[in-house]
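# Structural characterization, general
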Amino acid sequence: MTEQNTPATPGEQSSAYQAAYAQPQPTAPFAPGAQHAAAGAAPVPPAHKQHGKKGSGPKTFLIAFAGALAACLVVFGVAGALSMFGGADLESHSTESLGAQTSTEIKVDESSASLAEAVAAKCLPSVAAVDVYARNAQMDDLYSFFYGQVPQGSDELQQSGLGSGVVLSNDGYIVTNYHVVEGGEAYEVTVGGETYAADLVGSDPSSDIAVLKARDASNLTAMEIGNSDDLTIGEWVMTIGSPFGLEQSVATGILSATSRSQIMDSSNGSGETTVYPNMIQTDAAINPGNSGGALVDANGQLIGINTLITSYSGNYSGVGFAIPVNYAINLAQQIIDGKTPSHAQLGVTLNTVNSQMAARYGLSANEGAYIASVSAGSGAAEAGLTVGDIVTAFDGQKVESASDLMLDVRGKNPGDTVTLTVVNGDGKQRDVEVKLGSDEATQARTTQQSSSIMDLLQRNGGGQGA
């Protein structure tokens with residue numbers, strides 16, 4: 001079998017980033033290059049360009065039946081924690097206690113079959129199937145182009161995608177992937193054999209996290225939450241979700257690795273950059289439809305949200321990835337509390353330095369992240385970083401590119417202090433301590449702009465046109 005045209009880790013190209021909520025922008029001294037492709041998923045997942053920190057290999061896919069997107073979203077790339085399509089009227093909540101409020105220990109004999117049965121019995125009631133509905137704006141556009149009008153009834157919602165989710169509270173808060181709900185106008189969740197209409201509470205496209213709220217739910221079984229900072233390579237794990245729409249499916253395997261990081265950009269015109277820091281790698285089966293589902297440990301505790309696979313075919317090949325639960329729950333909590341999800345930010349724009357660029361521009365390092373601009377008042381500015389500095393290490397770990405540094409920063413929290421190894425234009429090396437800021441203001445502006453765009457589109461035909 002031959003590999004798909006787009007490699008899993010393309011060669012580094014020059015590109016500008018806003019670390020760590022990056023939006024490519026032209027910066028000196030080099031012109032930015034195209035690095036990314038689609039982050040959405042379809043029934044047969046399309047190819048996606050992405051960045052890993054090391055290595056190369058088969059293609060990495062987002063894995064959910066996301067279906068066709070509404071044309072307005074394809075063009076404008078709605079981002080941030082939006083309460084869209086009915087979610088705007090949700091009551092504001094104070095800090096909600098997420099996850100099961102009691103802990104139960106699983107005790108079985110040495111039989112792996114018995115362990116799988118016990119974990120499945122504990123966790124299956126806390127995993128939801130997610131159905132997404134939207135208008136077929138693309139077909140309406142075609143009818144309008146060829147016939148001058150759209151057919152009667154075309155404004156009816158149709159199923160456009162499906163995925164999985166994890167129950168976080170008894171009253172119906174469910175975490176899933178943003179790429180599962182992207183473009184949806186209505187949602188249903190099926191939990192414990194019961195189907196509920198659901199509202200989109202909010203989302204964080206840059207982290208691929210979203211939260212749904214099942215309407216009229218009052219007695220759901222919340223998943224017990226584990227600790228993704230305390231994992232062991234080789235430990236037993238189970239994936240739970242709806243692969244190919246087959247609800248309540250489980251698969252077992254081991255935890256293959258941690259700290260797998262990738263950056264993926266959308267090719268649908270939205271310009272959204274999705275950052276996946278410190279992901280969990282597993283060989284437990286993950287397939288299209290598993291997105292947003294649970295990765296649990298041998299005690300039936302949630303340790304990750306299943307999100308990506310690497311594959312030649314687009315289906316399971318033994319290499320899957322989950323967003324660590326600590327990271328996902330932190331973002332979900334912010335969304336539920338009505339906040340704009342925030343991430344650590346260095347406050348610079350960056351370009352990748354390689355040997356060719358260094359020789360061409362006479363740079364003082366052959367690889368690293370070139371600082372092309374520094375935001376006033378940012379942690380980078382306060383630490384004395386300047387245009388022309390090249391970051392070569394982050395907390396002692398080598399930095400080979402702009403995407404490396406972006407992932408390193410996103411893996412931290414606002415307010416953390418980190419140490420950067422920097423080479424200036426004269427070739428002098430120094431270590432600089434930087435207190436990371438937050439991208440909350442940037443995210444809030446994006447949310448406000450996106451909300452205004454959606455209001456305008458809905459007033460002029462429900463967002464069907466671009």
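Above this note sits the structure.
We now turn to the structure provided with this report. Small disclaimer: the values here were computed from a predicted structure and weren't measured. (Residues numbered from 1 in each chain as written. Predicted model: local features only at pLDDT ≥ 70, side-chain atom pairs only at ≥ 80, totals over all residues. Heavy atoms only, no water.)

Moving on to the packing of aromatic side chains. Considering all chains together, one arrives at zero aromatic pairs under this definition. A cation over a ring is seen here: Lys-213 above Tyr-173, with NZ or CZ 5.5 Å from the ring centre. (Phe/Tyr/Trp six-rings, centres within 6.5 Å; stacked < 30°, edge-to-face > 60°. Lys NZ or Arg CZ within 6 Å of the ring centre and 35° of its normal.)

Summed over the entire model, instances satisfying the criterion amount to six salt bridges. Across the pair Arg-135 and Glu-185 runs a salt bridge whose closest N-O atoms are separated by 2.1 Å. With Arg-135 in the loop between β4 (127–134) and α3 (137–147) and Glu-185 in the loop between α4 (178–181) and β7 (186–191), the pair connects residues that are 50 residues apart, well separated along the chain. A salt bridge links Asp-199 to Arg-215; the shortest N-O distance between them is 2.9 Å. Linking Asp-199 in strand β8 (residues 194–204) with Arg-215 in the loop between β9 (209–214) and β10 (236–241), this pair joins segments that are 16 residues apart in sequence. When its relative accessible area of 7% is taken as the criterion, Asp-199 is described as buried. Residue classification places Arg-215 among the partly exposed positions, given a relative accessible area of 41%. (Salt bridge = Lys/Arg side-chain N within 4 Å of Asp/Glu carboxyl O. Helix = DSSP H or I, 4+ residues; strand = E, 2+ residues; numbered from the N terminus. Buried < 20%, exposed > 50% of the residue type's maximum accessible area, 1.4 Å probe, protein only.)

Strand order in the closed barrel formed by six strands is β4-β5-β6-β9-β8-β7, with antiparallel pairing between adjacent strands. Across the sheet, the axes of successive neighbouring strands diverge by a mean angle of 40°, strand direction being ignored. Of the pairings in the sheet, the one linking β4 to β7 comprises five bridges and is antiparallel in character. Its bridge partner being in β7, Val-132 is matched across the sheet by Tyr-187. (Pairing = 2+ DSSP bridges. Axes fitted to C-alpha atoms, helices over the stretch in contact; angles between N-to-C directions.)

This paragraph deals with helix α5 (residues 325–336). An ideal rise of 1.5 Å per residue puts 16 Å on twelve residues; α5 measures up with 16 Å between its terminal C-alpha atoms. Within α5, ten of the twelve residues are buried, which leaves it mostly tucked inside the rest of the structure. A positive backbone phi angle near 80° is found at Gly-338, which sits one or two residues after α5. (Expected span 1.5 Å × (residues − 1).)

Summarising the sheet, strand β21 (residues 417–423) and strand β22 (residues 429–435) pair through seven bridges and their orientation is antiparallel. Directly across from Val-423, in β22, lies its bridge partner Gln-429. A loop of five residues connects β21 with β22, the two strands running antiparallel in sequence, and Gly-427 in this loop sits at a positive phi of about 85°.

The backbone of Gln-248 sits at a positive phi, close to 60°, despite the residue not being glycine. Topologically, Gln-248 is positioned in the loop between β10 and β11 (249–265). When its relative accessible area of 36% is taken as the criterion, Gln-248 is described as partly exposed.

Looking now at the pairing of β9. In terms of burial, β9 is a largely internal element, six of the six residues being buried. Burial along β9 is two-sided: Ile-209, Val-211 and Lys-213 and Ala-210, Leu-212 and Ala-214, pointing in opposite directions, are all buried. Across four bridges, the pairing between strand β6 (residues 173–176) and β9 is antiparallel. Following the sheet pairing, Thr-176 is matched in β9 by Ala-210.

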